[in-house]
Amino acid sequence: MTWFNTNAAHNLINVLILLLTGLVGFDWTLFGIDAALAVKITGVLTLLKILMNVVRDGVAGLVRRQPAVEGN
């Protein structure tokens, strides 16, 4: 799967975070997820994104200026 890279993983995690936190009016208790669990899951997903960045770019990469996105 050459299309699945760290960018794709970040985008997937962003969608999961949006689903958990963005749909505020949705009743997640139907699926066994209460508000506290949704916050915990979101925190873990966010931490995962940060760790992916550290592994990929190093700690200095978290504050380094990012290059411009190249068009195809």
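Quick caveat, the model's predicted, so the values are computed rather than measured.

Attention now goes to the nonpolar core. Ranked by size, the top nonpolar core spans nine residues in total: Ala-9, Ile-13, Ile-17, Leu-20, Trp-28, Ile-33, Ala-38, Leu-45 and Met-52. Counting only elements with at least two residues in this core, the list comes to α1 (6-22) and α2 (35-57). Here this core takes four residues from α1, the largest share from any one element. Beyond its immediate sequence surroundings of up to four residues, Met-52 is in contact with Thr-6, Ala-9, His-10 and Ile-13.

Attention now goes to a nonpolar patch on the surface. Together, Trp-3, Phe-4, Leu-12, Val-15, Leu-16 and Leu-19 make up a nonpolar patch on the protein surface, roughly 570 Å² of accessible area in all. Assignment of secondary structure puts Leu-19 in helix α1. Taking the relative accessible area as the measure of exposure, Leu-19 reaches 37% and is therefore partly exposed.

Summarizing the sequence annotation, UniProt attributes the feature "transmembrane region" (unreviewed entry) to residues 12-31 and 37-55 in the numbering used throughout. Annotated as 100% helix and 0% strand, the span residues 37-55 places its first and last C-alpha atoms 27 Å apart.

Cut-offs and rules
Residues numbered from 1 in each chain as written. Predicted model: local features only at pLDDT ≥ 70, side-chain atom pairs only at ≥ 80, totals over all residues. Heavy atoms only, no water. Core = buried A, V, L, I, M, F, W, Y, C linked by side-chain atoms within 4.5 Å. Buried < 20%, exposed > 50% of the residue type's maximum accessible area, 1.4 Å probe, protein only. Helix = DSSP H or I, 4+ residues; strand = E, 2+ residues; numbered from the N terminus. Contact = heavy atoms within 4.5 Å. Patch = residues over 30% accessible without salt bridge, like charges linked within 9 Å, V, L, I, M, F, W, Y side chains within 5 Å. Areas by Shrake-Rupley, 256 points an atom, 1.4 Å probe, with all protein chains shown as cover. Salt bridge = Lys/Arg side-chain N within 4 Å of Asp/Glu carboxyl O. UniProt positions renumbered as here; feature names shortened; annotations may be inferred.

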